[in-house]
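Descriptive analysis of the structure
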Amino acid sequence: MNMARKESEARRDAIRVDLQLIADMVEPGSRVLDVGCGDGELLDYLVHFKQVDGRGIELSTSGVNACVSAGLPVIQGDADTDLDDYPAAAFDYVLLSQTLQATMAPKQVIENMLRIGKRAIVSFPNFAHWRCRVGLALQGRMPVNESLPDQWYDTPNIHFCTIKDFVLLCDEMNITIERSISLDSTGRARGIGSGMFFANLMGEQAVFLLHRS
Amino acid sequence: MTAPDEHSAAGFEAPEISHRTIQLGVDEPLRLDCGAELRDFPMAFETYGTLNEAKSNAILVCHALSGDQYVAGDHPMTGRPGWWEVVVGPGKILDTDKYFVICSNILGGCMGTAGPKETNPETGGPWGLSFPVITIADMVRAQAMLLDALDIPDLFCVIGGSMGGMQVLEWAALYPDRVFSAVPIACSALHSAQNIAFNETGRQAITADPDWRSGNYQRQGVVPHRGLAIARMVAHVTYMSEASLHSKFGRKLQDRESVAYGFDADFQVESYLRHQGSTFVDRFDANSYLYITRAMDYFDLAERYDGILAQAFQETNARFCVISFTTDWLYPTAESRHIVKALNAAAASVSFAEIETDNGHDAFLLDEPEFWRVLRGFLDGADEQRGLLG
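So, here is what we can say about the structure in this document. (Residues numbered from 1 in each chain as written. Chains lettered and ligands numbered in written order. Predicted model: local features only at pLDDT ≥ 70, side-chain atom pairs only at ≥ 80, totals over all residues. Heavy atoms only, no water.)

Attention shifts here to the overall build of chain B. What chain B contains, in helices and strands, is 10 helices and 12 strands. In terms of overall dimensions, chain B is globule-like: its C-alpha atoms have a radius of gyration of 21 Å, near the 21 Å expected for 390 residues. The C-alpha extent of chain B, read off along each of the three principal axes, is 65 × 50 × 45 Å. When each of the 390 residues of chain B is scored for burial, the buried share is 58%. Within chain B, counting contacts between residues at least 6 apart in sequence, those at least 24 apart form 71% of the total. For chain B, the accessible area works out to roughly 15700 Å², and carbon and sulfur atoms hold 50% of it. Where the 29 positive side-chain charges of chain B centre and where its 52 negative ones centre are 1 Å apart. (Helix = DSSP H or I, 4+ residues; strand = E, 2+ residues; numbered from the N terminus. Rg over C-alpha atoms; globule rule 2.2 N^0.38 Å. Buried < 20%, exposed > 50% of the residue type's maximum accessible area, 1.4 Å probe, protein only. Contact = heavy atoms within 4.5 Å. Areas by Shrake-Rupley, 256 points an atom, 1.4 Å probe, with all protein chains shown as cover. Lys, Arg positive; Asp, Glu negative; His and termini not counted. Charge placed at Lys NZ, Arg CZ, Asp CG, Glu CD.)

Shown next as structure tokens:
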């Protein structure tokens, strides 16, 4: 029991680099809702290292049960339909990591996130990454790589976008981008800022910290 | 104590068993939802484990319709293991080396707590139908009086399945500052038309039995065993799933090679249900069955809150773990989800897991590893928050 506890402690501080970026944006002790929390890796980190009051929603039963078994308050639910139940401003942060592209109505999901949370943190794979561009331009094939491992016919990802698309959507929705970071294929993080062209080309994924204007 | 003959229903007299009881409502009566008051009434209860010095490790287990206070250990009447023996005990999920587990027989029950079978102090005879009609909230208020009497300020956890889960929800609503964590399992925030329909069928079976004697069977020395057995048979079907009935019995015949062209129990499933019915009669009171099923039917937690369930949870800081089972058609997952939605709307801390199983509603009583894993994980997490871990 104690050994297992130590092992999990050791594992806890080594989370995926994109999750670490999100975690770094979260103020300690805040109220956090992680939408699409998977097996609870990020939530567990936030609860233990940032002392947040964290909750999670996850679509897969196996993910939910893994989370609850680990003592995390997680419910089975869907980003598209179940965010409506939460009252406005119930959370300091609503997180959506690598899930936006799998939602039915991404715009409404973002809308809802900024209704129930004072801030939203969104991460997604960038479809304008040079490898995607090369794949489409030269091979004429939909991209399949480490961050987008599924074939077009069995991918859960139904709404792809690029970093530039996302920035334009935020603009249209009157959302303020507080921070934006792109991650290249080596896991190196860069602020997006004014270097949009470069970020959109080199970023394999992106993380945005948002609030309502 | 030996188990009574399982088919001795006719004229069966339960052996006199002395339950551990406490008198409640001595100074202040229990005011019931129906307007009546109960004074100086007995409540039967069992405890397991030791209350710690800080009184922070108490768990209240709320039993279901046919359950009682004998959660673990051998049942003094049937000689069989307690109804949640698999979950409660040293080293088990509700670890009695760590927690102080309390379970009381519900108000209206027939294992020592005030109910139609018990003696009305004013007449000296059994209450029978003169016992006031009770609600789930009344049961919970009586449990709170028990905690007062035991000098336990609040509960680390209140947990229960089926009607026990309804009590859990009522606890969170009535005593938000006395509940640290709450685990409503396989239940609903209101009794559906289907639930009421099944309960009514059971009640009709009881009251149609000539030996029910308008509820006065105790005085007249008879037992409406046929009616109660049928009520139990119908209810028992609702606790199982089509899949579990199929895998347990299929169309297998009972002690015969071919059907007998008659109305004996040809099929194993018939024999099984008859057995369930007759053993139930040995340990349960027919009038109690009427009162408790009525309390369940009246249950609609949102009613007091203008129909808005979330309002019921507005005051609570409890951590909830709502659990449902895929093949439970009596309290289907949708009803648990309804509770979860309300808890979310109240911004409460909530976990919700649906457990895949063939065992139907009864799954909460059975060996369900995934359910246990979730339950253990939730309690460990709550432990960590409460600071019970050494």
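This is not the end of the story, as more comes after the structure.
Let us now look at the nonpolar core. In this structure, Phe166(A), Leu107(B), Trp171(B) and Phe313(B) are the most contacted members of the largest nonpolar core, which totals 114 residues. Ranked by residues supplied to this core, first place goes to helix H1 (residues 136–149) of chain B with 8 residues. Dropping the residues within four chain positions of it, Phe313(B) is found in contact with Leu169(B), Ala172(B), Leu301(B), Phe320(B), Ala342(B), Leu343(B) and Ala346(B). Grouped together as the second largest cluster of nonpolar side chains are 42 residues, Tyr48(B), Val61(B), Ile159(B) and Phe325(B) included. (Core = buried A, V, L, I, M, F, W, Y, C linked by side-chain atoms within 4.5 Å.)

Moving on: the packing of helix H3 (residues 193–208) of chain B against helix H4 (residues 225–239) of chain B. Residue and element names in this part refer to chain B. Put simply, H3 and H4 touch, their axes get as near as 7 Å, and they point 160° apart. For the element pair H3 / H4, the angle class is roughly antiparallel. In this structure, the crossing between H3 and H4 has a hand that is right-handed. Side by side, H3 and H4 meet where Phe198, Gly202, Ala205 and Ile206 of the first sit next to Gly227, Leu228, Ile230, Ala231, Val234 and Thr238 of the second. Looking at side-chain class alone, the contact of H3 with H4 contains 7 nonpolar, 3 polar and no charged residues. (Axes fitted to C-alpha atoms, helices over the stretch in contact; angles between N-to-C directions. Parallel < 35°, antiparallel > 145°, perpendicular 65-115°, else oblique. Left-handed = near helix turned anticlockwise from the far one by under 90°. Nonpolar A, V, L, I, M, F, W, Y, C, P; charged D, E, K, R; others polar.)

Take a nonpolar patch on the surface next. A surface patch of nonpolar side chains, about 490 Å² in accessible area, is lined by Leu136(A), Met142(A), Trp152(A) and Tyr153(A). Mapped onto the fold, Tyr153(A) is located in the loop between helix H6 (130–139) and helix H7 (163–172). (Patch = residues over 30% accessible without salt bridge, like charges linked within 9 Å, V, L, I, M, F, W, Y side chains within 5 Å. Salt bridge = Lys/Arg side-chain N within 4 Å of Asp/Glu carboxyl O.)

Describing two packed helices takes the angle between their axes plus the distance from one axis to the other. Residues and elements named next belong to chain A. Contact geometry of helix H2 (residues 17–25) with helix H3 (residues 41–49) gives a least axis separation of 10 Å together with a crossing angle of 40°. Of the possible angle classes, the one that applies to H2 and H3 is oblique. As H2 packs across H3, the resulting crossing turns out to be right-handed. Contacts between H2 and H3 involve Leu19, Gln20, Ile22 and Ala23 from the first element and Glu41, Leu42, Tyr45 and Leu46 from the second. Among the residues making up the contact of H2 with H3, the classes are represented as 6 nonpolar, 1 polar and 1 charged.

This part covers the pairing of strand S8 (residues 100–104) of chain B. Residues and elements named next belong to chain B. S8 sits mainly inside the fold: 5 of its 5 residues count as buried. The sheet contact formed by strand S4 (residues 41–48) and S8 spans 4 bridges and is antiparallel. Considered in S8, the bridge of Thr47 is made with Ile102. The pairing of strand S5 (residues 58–62) with S8 spans 4 bridges and is classified as parallel. By the bridge assignment, Ile59 is partnered in S8 with Val101. (Pairing = 2+ DSSP bridges.)

Right, let's talk about the packing of aromatic side chains for a bit. Within the structure shown, the criterion is met by 20 aromatic pairs over all chains. With a centroid separation of 6.2 Å and 85° between ring planes, the pair formed by Phe284(B) and Tyr289(B) is classed as edge-to-face. On the basis of relative accessibility, which here comes to 9%, the residue Phe284(B) falls in the buried class. Aromatic rings pair up to connect Phe124(A), Phe166(A) and Phe208(A) into one cluster. Just above the ring of Phe91(A) sits the side chain of Arg31(A); from NZ or CZ to the centre is 5.5 Å. The side chain of Arg178(B) reaches across the aromatic face of Tyr175(B), ending 6.0 Å from its centre. (Phe/Tyr/Trp six-rings, centres within 6.5 Å; stacked < 30°, edge-to-face > 60°. Lys NZ or Arg CZ within 6 Å of the ring centre and 35° of its normal.)

Here the focus is H3(A). Residues of H3(A) that are buried include every one of Leu42(A), Leu43(A), Asp44(A), Tyr45(A) and Leu46(A), and no others. Just beyond H3(A), the residue with positive phi is Gln51(A), at close to 50°.

With that settled, the discussion passes to the interface of chain A and chain B. In this complex, chain A contributes 21 residues to the contact, which on the side of chain B involves 25 residues. Our count for the chain A to chain B interface comes out at 2 salt bridges. Put simply, Asp82(A) and Lys341(B) hold a salt bridge, and the shortest N to O gap is 3.7 Å. For the pair chain A and chain B, the interface holds 12 residue pairs in polar contact (both at pLDDT 80 or more). Those elements that provide at least two residues to the side of chain A that touches chain B are helix H4 (61–69) and strand S3 (74–76) of chain A. The dominant element in the side of chain A that touches chain B, judged by the number of residues it contributes, is H4(A), at 5 residues. (Polar contact = N/O pair within 3.5 Å; in protein donor to acceptor, adjacent residues only side chain to side chain.)

Attention now goes to the pattern of salt bridges. Residue and element names in this part refer to chain B. Across all of its chains, the model carries 31 salt bridges over all chains by this definition. Arg373 is the salt-bridge partner of Glu370, the closest N and O atoms lying 2.6 Å from each other. With a gap of 3 residues between them, Glu370 and Arg373 both fall in helix H10 (residues 369–386), about one helical turn apart.

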